[in-house]
Amino acid sequence: MRARTLPHTRLRSGGGTRIARSTRKTVVIAAVAALGAGLLAGCADDGKDEEGGSSDGGAGGKTKITLGLFGSFGFEEAGLYAEYEKLNPNIDIDQTVVERNENYYPPLVNHLTTNSGLQDIQGIEVGNIAEVVQKYSDKFVDLSKYGKESDYLPWKWEQGTAENGQTIGLGTDVGPMAICYRKDLFAAAGLPTDREEVGKLWTGDWAKLVDVGKDYKAKGPKGTTFMDSPGGLFNAIVGSEEERFYNASGEVIYKTNPAVKRAFDLTAEAAEAGLIGNQTQFQPAWDTTIANSKFAAMACPPWMLGYIEGKSKPENAGKWDVAAPPKAANWGGSFLSVPKSGKNTEEAAKLAAWLTAPEQQAKLFSKRGSFPTAQAAYDLPLVKDAKNKMTGDAPIGQIYAPLAAELPVQVVGPKDQIIQQGLTDNGVILVTQGKSPEEAWTNATKTIDNNLEH
Amino acid sequence: MTGTAPTHDTAAAPPAKEGGAAPARPPVESPETLRKRARLSRRWQRDVRWSPYAFVSPFFMLFIAFGMFPLIYTAWASLHTVELTAPTDMEWAGLRNYTRIFDDEFYWNAARNTFTIGIISTVPQLMMALGIAHLLNYKLRASNFFRVVMLAPYATSIAAATLVFVLLFGRDYGMINWFLGLFGVDNIDWQNDKWYAQIAVSSIVIWRWTGYNALIYLAAMQAIPQDLYESAALDGASRWKQFLHVTLPSLRPTILFTVVVSTIGASQLFAEPLMFDANKGASGGPQHQFQTLGLYMYEQGWVNQHLGRASAIAWTMFLILIVIGIINYVISRRLRASS
């Protein structure tokens, strides 16, 4: 019996292991397939999520609008999202913020070229607006139908508009610059403290500001400097020029533009004379110099008042004041844009227009100090009667509004940011570290040229 | 079944010569069975031969998709003038991106910095790691605790750690300058002075990798037979002599391995100098004093958006690594031959 069954049994047992092996194989293949499917499903899920989140509504059938921003636009802090959600119960707003534009812009460019990973609304810094308008205008929704052109400063509107008339960015704010100064430190140095008189010390010429710095150094408290940083001063001076790094026809002229060289040399002179602290703005060490009252004056657009407030010790409240600058100058100001790749471009465009409408800009100014780019807002009480705690309730709305009216209409080039950064971070900063102005200029121009070269 | 223990664990009966019931002659098999068995055996052979490839293939497929393709794409891009703002808009440039490197002072500056930072971070790091491993190799109370602590810096995020180091190395309010100030040393500008900045960057690297290397050494040390030490001790060798004449020679392959890994790591140094820059730019300090090749590539590609140039730099770095690999191969062969 056994003998006869032997081959059969063997075969069966062999077949058994075979089955076992092939099951194992199947399991492995299934596992691999499942893994692959999982990966694919992962992608699909993402797509679905986005879709669900934005169109058919994930939470309670609401339409979700996402904003990608940098720095502190302050919409959320000023309560604007909450207000809009109240007005439009079907809308749900969500923002992601990257601290520094240097870290925000390169990925944005990446996402624009691949048409993926973009939020419904994207913020754009003024230093980048030219490049975006020139290279990517076809990737954005035309906002001219949503915003009202007559509300905005004409030049600001123009900056966000492409040659074909398509408006891709609505201006959120402009940066009319003033000089903020410490009344207590000025008094200690024997300088006037009244904002009218202080403004008169340097009216019309940045060189006069540097001269005041020399007086301050002679008599001011030891351990403090007149201004905070070479970058800040240089920035302020070139901010009062119409043509800086590019001329109106779009050529790079920063090296031959006498205005840029003058600004560089004046900053270098002030740095050599020890009138400027050797700091880089917006770095932790610089924040500490604000908290420790290590300098007496700085170039400051209205949004800087909010920054000063954030970094100062409470006992310094009221010690600052705001005086007119030597020349009207602009610093900063961003745009909101709506990429076409978004799922809800219509709703997003409406939100962008609402956020940048005069009433909302006025609210933003009163809460966060971003100065309206909508001239229609200048007469609103929220702007007119705005006061600021750090400056002892100075009427900042009335101080900044006339400055905004005089702002130079600046030529913005595609690589403004790289040029500006090179001139400050690889240029004037070196003078505070003991290099000669010529060495600093050579170092900066070499760096910039290498960076601009393809 | 007889009382003899079966030697097969199959269900089949043992053959006759083992006292089983099975006939001694081979069982009669029909041609069909034979064919079946031949087929099965072929399948089995194919299985043995090809299945391993199937099992390792997921890695290689992923590698081809996410490793090989970028490599080839980068090579292709490096032969073009192409901007990150329009990656599909390529203009043939031949070898220009490579030849221009010869006159690119920023490239050579970055290469020099990579080399010097590599030396001042790798050499002390590995020496300290050896010393620490030697100490940890003694019988210690709570030795596991120390081993885990050694790995803590390695597990920390570089970005977070570097931010802390930036604060420690701050010129005006940094703790290190405060400490040096107690001994009358003037404030050192750690971020802007060339050598101080390089030392500071190296210190972050050293902090992060010393424990990791020490653990590798420790593992190798524990594989050294104890009798070697015992006989050395009998011969009157001190701990130091034992370290020199027993530990070090036995660790030679391990040391070589860590040297290679650290060299590769050093030549790709990127995050530390990027985060350490006071200006938060990618230029490695105002005068590029600690801009490494990795950072320079990043600056060209992602800040200035010159994808073609960045690709060329990436490929030169790759070639440098290959050269390092060859040197390592030659040295290790010499070492093996001499021992």
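Since this is a predicted model, take the numbers as computed values, not measurements.

1. A look at the pairing of strand 8 (residues 295-300) of chain A
Residues and elements named next belong to chain A.
Part 1: Of all 6 residues making up strand 8, 6 are buried, and the element is well covered by its neighbours.
Part 2: Across 4 bridges, strand 6 (residues 178-182) lies against strand 8 in antiparallel orientation. Each residue of the ladder has a partner; that of A178, found in strand 8, is C300.
Part 3: Sheet topology places strand 7 (residues 225-227) next to strand 8; 2 bridges connect them, and they run parallel. Bridge pairing in strand 8 links M227 to A297.

2. What about the state of the cysteines?
Residues and elements named next belong to chain A.
Part 1: All chains considered together, the criterion is met by 1 disulfide over all chains.
Part 2: Here C180 connects covalently by a disulfide to C300, the sulfurs 1.6 Å from one another. Note that C180 is positioned in strand 6 and C300 in strand 8, a separation of 120 residues in sequence. Judged on exposure class, the residue C180 and its partner C300 are both buried.

3. Quick word on the sheet that holds strand 10 (residues 334-337) of chain A
Residues and elements named next belong to chain A.
Part 1: A sheet is described by the order of its strands in space; here 5 strands give the open sequence 2-1-3-10-4, paired in mixed fashion. Only two strands of the sheet have a single partner each, and these edge strands are strand 2 (91-98) and strand 4 (170-171).
Part 2: Those strands touched by helix 2 (residues 80-87) are strand 1 (63-70) and strand 2, and its axis lies near 160 degrees from that of strand 2.

4. Some details on the environment of V82 of chain B
Residue and element names in this part refer to chain B.
Part 1: Within the secondary structure layout, V82 lies in the loop between strand 1 (80-81) and strand 2 (91-92).
Part 2: Using a relative accessible area of 2% as the deciding quantity, one classes V82 as buried.
Part 3: In sequence terms V82 and S267 are 185 residues apart; their C-alpha atoms lie 26 Å from each other.
Part 4: With sequence-adjacent residues up to four places away left out, V82 is seen in contact with A77, P87, D89, M90, Q305, H306, L307 and G308.

5. Brief notes about the UniProt feature "domain: ABC transmembrane type-1" (unreviewed entry) in chain B
Part 1: The feature "domain: ABC transmembrane type-1" (unreviewed entry), as given by UniProt, occupies residues 111-328 of chain B in the numbering adopted here.
Part 2: Structurally, residues 111-328 of chain B comprises 75% helix and 0% strand, and the distance from its first C-alpha atom to its last is 20 Å.

Rules and cut-offs
Residues numbered from 1 in each chain as written. Chains lettered and ligands numbered in written order. Predicted model: local features only at pLDDT ≥ 70, side-chain atom pairs only at ≥ 80, totals over all residues. Heavy atoms only, no water. Buried < 20%, exposed > 50% of the residue type's maximum accessible area, 1.4 Å probe, protein only. Helix = DSSP H or I, 4+ residues; strand = E, 2+ residues; numbered from the N terminus. Pairing = 2+ DSSP bridges. Disulfide = S-S within 2.5 Å. Contact = heavy atoms within 4.5 Å. Axes fitted to C-alpha atoms, helices over the stretch in contact; angles between N-to-C directions. UniProt positions renumbered as here; feature names shortened; annotations may be inferred.

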